[in-house]
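Observations on chain architecture
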Amino acid sequence: MSANSAFTTETAEPKSSGFRIPKVPFWAQIVAGLVLGVVLGWITRSYDVAWLYTTLDKVGHIFVQLLKLAVAPLVFFAILVSITNLRKVNNAARLATRTLLWFMITSLIAVAIGLAIGLITNPGSGTGLTPKDGLKPEHAGSWLDFLTGIVPTDVITPFTELNVLQIVFMAAVAGIAALKLGEKAQPILTLSESILELLQKALWWVIRLAPLGTVGLIGYAIADYGWDLIGKYATFTADVYVGCALVLFGVYPLLLATVAKVSPLQFFKGAWPAIQLAFVSRSSVGTMPVTQKVTERLGVPKEYASFAVPFGATTKMDGCAAIYPSLAAIFIAQIFDVQLGVGDYVLIAFVSVIGSAATAGLTGATVMLTLTLSTLGLPLEGVGLLMAIDPILDMMRTATNVAGQALVPVIVSAREKILDLGKYNSASASPVDEIEVVEEEPARVPVAA
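Residues numbered from 1 in each chain as written. Predicted model: local features only at pLDDT ≥ 70, side-chain atom pairs only at ≥ 80, totals over all residues. Heavy atoms only, no water.

The next subject is the packing of aromatic side chains. The full count for this structure, using the stated rule, is 11 aromatic pairs. Where phenylalanine 249 meets phenylalanine 268, the ring centres are 5.5 Å apart and the plane angle is 35°; that geometry is what we call tilted. Taken together, the residues phenylalanine 249 in helix H11 (residues 234-260) and phenylalanine 268 in helix H12 (residues 264-281) connect sequence positions 19 residues apart. Classification of phenylalanine 268 by relative accessible area gives buried; the value is 13%. With a centroid separation of 5.5 Å and an interplanar angle of 25°, the aromatic rings of phenylalanine 307 and phenylalanine 311 are classed as stacked. Here phenylalanine 307 pairs with phenylalanine 311, and both are found in helix H14 (residues 302-315), just 4 residues apart, close to one helical turn. Exposure remark for phenylalanine 311: the relative accessible area of 22% places this residue in the partly exposed category. Members of the aromatic cluster, each reached through a chain of ring pairs, are Tyr233, Phe236, Tyr324 and Phe331. Seen from the ring of tyrosine 324, arginine 397 lies directly overhead, with NZ or CZ sitting 4.1 Å from the centre. (Phe/Tyr/Trp six-rings, centres within 6.5 Å; stacked < 30°, edge-to-face > 60°. Helix = DSSP H or I, 4+ residues; strand = E, 2+ residues; numbered from the N terminus. Buried < 20%, exposed > 50% of the residue type's maximum accessible area, 1.4 Å probe, protein only. Lys NZ or Arg CZ within 6 Å of the ring centre and 35° of its normal.)

Turning to the nonpolar core, a few remarks are in order. Buried together is how nonpolar side chains tend to be arranged in soluble globular proteins. Ranked by internal contacts, the top residues of the largest apolar core, which has 78 residues, are Phe236, Phe267 and Leu386. Per-element tally for this core: the top contributor is helix H19 (residues 390-415), with 13 residues. With residues up to four places along the chain from it excluded, the contact list for leucine 386 reads Tyr233, Phe236, Tyr324, Ala328, Phe331, Ile332 and Leu369. (Core = buried A, V, L, I, M, F, W, Y, C linked by side-chain atoms within 4.5 Å. Contact = heavy atoms within 4.5 Å.)

A cluster of basic residues, Arg87, Lys88, Lys293, Lys302 and Lys423, forms a positive patch on the protein surface. Mapped onto the fold, lysine 423 is located in helix H20 (residues 421-426). Take lysine 423: its relative accessible area is 39%, and that puts it in the partly exposed class. (Patch = residues over 30% accessible without salt bridge, like charges linked within 9 Å, V, L, I, M, F, W, Y side chains within 5 Å. Areas by Shrake-Rupley, 256 points an atom, 1.4 Å probe, with all protein chains shown as cover. Salt bridge = Lys/Arg side-chain N within 4 Å of Asp/Glu carboxyl O. Lys, Arg positive; Asp, Glu negative; His and termini not counted. Charge placed at Lys NZ, Arg CZ, Asp CG, Glu CD.)

Our focus in this paragraph is the packing of helix H3 (residues 50-69) against helix H4 (residues 71-85). One can describe the packing of H3 onto H4 by two numbers: an axis separation of 5 Å at closest approach and a directional angle of 35°. For the pair formed by H3 and H4, the contact residues are Leu67, Lys68 and Leu69 on the first element and Val71, Ala72 and Pro73 on the second. Taken together, the residues that form the contact of H3 with H4 break down as 5 nonpolar, no polar and 1 charged. (Axes fitted to C-alpha atoms, helices over the stretch in contact; angles between N-to-C directions. Nonpolar A, V, L, I, M, F, W, Y, C, P; charged D, E, K, R; others polar.)

Moving on to the packing of helix H5 (residues 92-121) against H14. It is at 11 Å that the axes of H5 and H14 come closest, and there the two elements cross at 35°. Both H5 and H14 take part in a crossing whose hand is right-handed. Seen from H5, the contacting residues are Leu95, Ala96, Thr99, Leu100 and Phe103; seen from H14, they are Tyr304, Phe307, Ala308, Phe311, Gly312 and Thr315. Its residues assigned to classes, the contact of H5 with H14 shows 8 nonpolar, 3 polar and no charged. (Left-handed = near helix turned anticlockwise from the far one by under 90°.)

You can see lysine 232 is positioned in helix H10 (residues 210-232). By relative accessible area, which is 46% here, lysine 232 ends up partly exposed. When the C-alpha positions of lysine 232 and glycine 126 are compared, they lie 8.7 Å apart, and in sequence the two are 106 residues distant.

Here it is as structure tokens:
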């Protein structure tokens, strides 16, 4: 009996070899990818290494394409499920209204900071750029296009052309209809929740490739644009980064401390995995599963987070839709020698708050910029002046976007007394690391008595 027990115990728990490869934290992998990307990009540009240039381009391109591959179905099912999940939350209408209100408040603060920085620094002066350097974009945004473009002409095109705004519209209609149907819609909701979990699982695998994607994206940016190009846009680039940093590390902590009355440092501990992934991937929607995970880990109820985060990923853009277009409008106006008045600055603020959904959570903010320029009557050729530098700017813009998308649910939850302060104060580890630990945990073998 005892011999059998000893035998069973020994086979169930084999002795360790004494050597284990230490697990590298996800944040450290991202940092290593950034450093390696800069080094390889510098080597490629300095020594004109063609094969390395192509490799970096392909690696970064494939990573972004993998993220985009899941965008359309992910947005649809995330919005549909999030709307139906609101039925499980008390005061759902109140929460949704407060969420939208704080989206608008933080956007107004962000655009005010962008305008102030632009007026102080005059980013378009002394660049050596002229209107001839501009190139009119193939597709420009306008209010008519924005309003009429919300409703799709069919149910297939928005998915094939990745029109996120139209996908959000269809998902919202489907979600509201499901709420009205009640129990009859339960089979569809169950299927939608399963599909959403499947998509998020697949996207987690892509997210784990982020360190490799970082090498390609950063390396290609350095190799292709170089420091000379950045020098021409030095003031404008610095303005965007400083503006985003002021919002990210100034406004957000102030709101957390005074409005939510929680620790700002603890927020960044919990939200940092999503912020760093957004910086690398340049996609709010691609980062959405991580953003939702960290938001829940910060104590926001899952039912509310599953609504607020997908909603924010497609509409909440303090970096791309507030700071950037306000600075870009001033920059382009100075290049084309157009004087902006107080009314123009008010219009910029209005466009930033109302039209932010036009950015759609994808890489880049060209649609939002063209919408702003067309509203102000500025030449759309100015967009071409900023296209070359856009990937460098988009990293910081998207990181700011995602931080705001996690911030607002925390503020609203704290104000509504539904924030789990115990979870908030203990959130620190990367969700990517935790999921890896859970998946790699070996199955336990029962020991015979």
